[in-house]
Amino acid sequence: MGDGDRVKKTIRFVLNGEKRAVDVAPQETLLETLRERLGVKSPKCGCDRGDCGTCTVMIDGRSVRSCLVLGVEVDGAVVTTLEGIMENGELSPLQQAFLDRNSFQCGFCAPGMIMSATELLARNEKPTREEVQEGLAGNLCRCTGYSPIIDAVLETAGVVSKGGSDERS
Amino acid sequence: MPITHSFDYQKPGTLREALALLARKNAVALAGGTDLIGYLKEELVSPELLVDLKGLKELKRIEHRGGALHIGALVTFAEVIDSKVIGKKLPVLAEISKKVASVGIRNRATLVGNLCSAVPCLDTGPILVAMDALVLVKGKKGSRKIPAEKWFIAPRKTARKPGELVTGISIPLPRGKAAACYLKLGRYRGEDLAQASVFVSIEQSSRGAKARNFRVAFGSVGPVPCRARKIEKALAAGGALIDMVALTKLVPAEISPISDIRASKEYRLHMCQVMLERALAAADGRLNGTGPAYGASLL
């Protein structure tokens, strides 16, 4: 995180339900601010150019690639990361479905997948398999375990039964 | 890869203030940032000052007035997709926007930013040149309206002058009953840049019940989006009896594809011919109320 010789800016925003104020250099990305200044480690740096999705967080309820947002841009915003989507200390139903179905292998893509799927289900309660695929496109799983991920999203939406799949039906 | 170049950041509250800041040496406008922040990382741009436009409410509007659709510089692709007025007046623009990158990019990236980046594979190029859209530009010295065909000069090069800001675009809407189709060829479904793309619009003409006007443009098969006027003329002259074989023979004269990492020039040319035929069939079907829904997968 190159602080350079420019003046830092103080940004104030809500991070996972908590008001935060932090000094950031204008050129640091939101991903750097979150990981290196605030210790929020769920968003990962993968491709660093918006193609892989593993840095996905939400700004004001919409998923974004935090590697393509500057920290200064979230002044006044509400930022949510995977750490903020547990409900009253419990896993969200989507997180629970990912866990039940062993939907992660190495786990590197999981925070981005869950953030993207959380947004999808907030906007579309009963997505089709194709809509889930479209909603998760741009989140790359290098273990290539897409089917259990998609099934977990469909199970959470009640589109497939617990542990079931519609894939070959 | 961190951004190693340092710069100042300002977020003005008024357009006037923004233009004054952008008139400074080496100042760059920031909207969605999904291209710009990549360019900063790759040191393709090294500004002294970044002017964040997101405080300018007047650039967030989508409006239908004077027979045209006005889209402000801060309107994201996600907002285009969700817009009721676009869904009603120009649904093909939502079809195009759904093909851009991924949800996480579309939530941030703006339509105007797409045409400012002006890469050859941009998804918004073909419709803008085909529909005679105007790029609305403001500078300290006044405003300009630049026709889309004159806007795109070369890859990543536009008619914008230093210090000028694109405030939005204006797309004239067809007067009569009309339908359109955008097809984008990628290496796989989901997030990818276009190997080739085609836009077709058909409008019922006031010249007679069977007379129709056609607009056709290709993307990703030349340095800038290509308006296909020879094809348009042949289509308008052909009426209902269009010879597809003869028509697709006109395609090589309209485009100038190259071979690169995404496709060979031969494949691009061939697929432009295939896609032209399919896009015409889909737009024709939509005009008659029998075509595939906007956004349906046709490739």
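Residues numbered from 1 in each chain as written. Chains lettered and ligands numbered in written order. Predicted model: local features only at pLDDT ≥ 70, side-chain atom pairs only at ≥ 80, totals over all residues.

*Asks:* Help me understand the interface of chain A and chain B, please; the structure alone is not making it clear to me.
*Replies:* Much of the literature gives interface size as the accessible area that the parts lose upon coming together. Across the boundary between the two partners, chain A contributes 30 residues, which contact 26 residues of chain B. If you list the elements that add at least two residues to the side of chain A that touches chain B, you get strand S4 (62-65) and helix H4 (129-136) of chain A. When residues in the side of chain A that touches chain B are grouped by element, the largest group, 4 residues, is from S4 of chain A. Residue classes in the side of chain A that touches chain B are distributed as 9 nonpolar, 12 polar and 9 charged. (Contact = placed C-beta atoms within 7 Å. Helix = DSSP H or I, 4+ residues; strand = E, 2+ residues; numbered from the N terminus. Nonpolar A, V, L, I, M, F, W, Y, C, P; charged D, E, K, R; others polar.)

*Asks:* Just to check I follow, could you spell out helix H1 (residues 15-22) of chain B for this structure?
*Replies:* A turn of α-helix holds 3.6 residues, and therefore any two residues three or four places apart point the same way. Residues of H1 of chain B that are buried include every one of Ala18, Leu19, Leu21 and Leu22 of chain B, and no others. Axial view of H1 of chain B: buried residues confined to an arc of 160 degrees, hence all on one face. (Buried ≥ 20, exposed ≤ 12 C-beta atoms within 10 Å, placed from the backbone. Arc of directions from axis to C-beta.)

*Asks:* Teacher, can you tell me more about the domain arrangement of chain B here?
*Replies:* Residues and elements named next belong to chain B. As assigned here, chain B comprises domain 1 (8-55), domain 2 (57-172) and domain 3 (178-287). Every contact between the two is made by 13 residues of domain 1 and, on the other side, 17 residues of domain 2. Per-class residue counts for the side of domain 1 that touches domain 2 are 8 nonpolar, 3 polar and 2 charged. (Domains from an automatic or database assignment.)

*Asks:* Help me understand the pairing of strand S5 (residues 68-72) of chain B in this model?
*Replies:* Successive residues of a regular strand alternate their side chains across the two faces of the sheet. Residues and elements named next belong to chain B. For strand S4 (residues 62-65) and S5, the ladder comprises 4 bridges, and the chain directions are antiparallel. What sits directly across from isoleucine 62, in S5, is isoleucine 71. Where S5 meets strand S10 (residues 165-172), 5 bridges bridge the pair, whose relative direction is antiparallel. Bridge pairing in S10 links histidine 70 to serine 170. (Pairing = 2+ DSSP bridges.)

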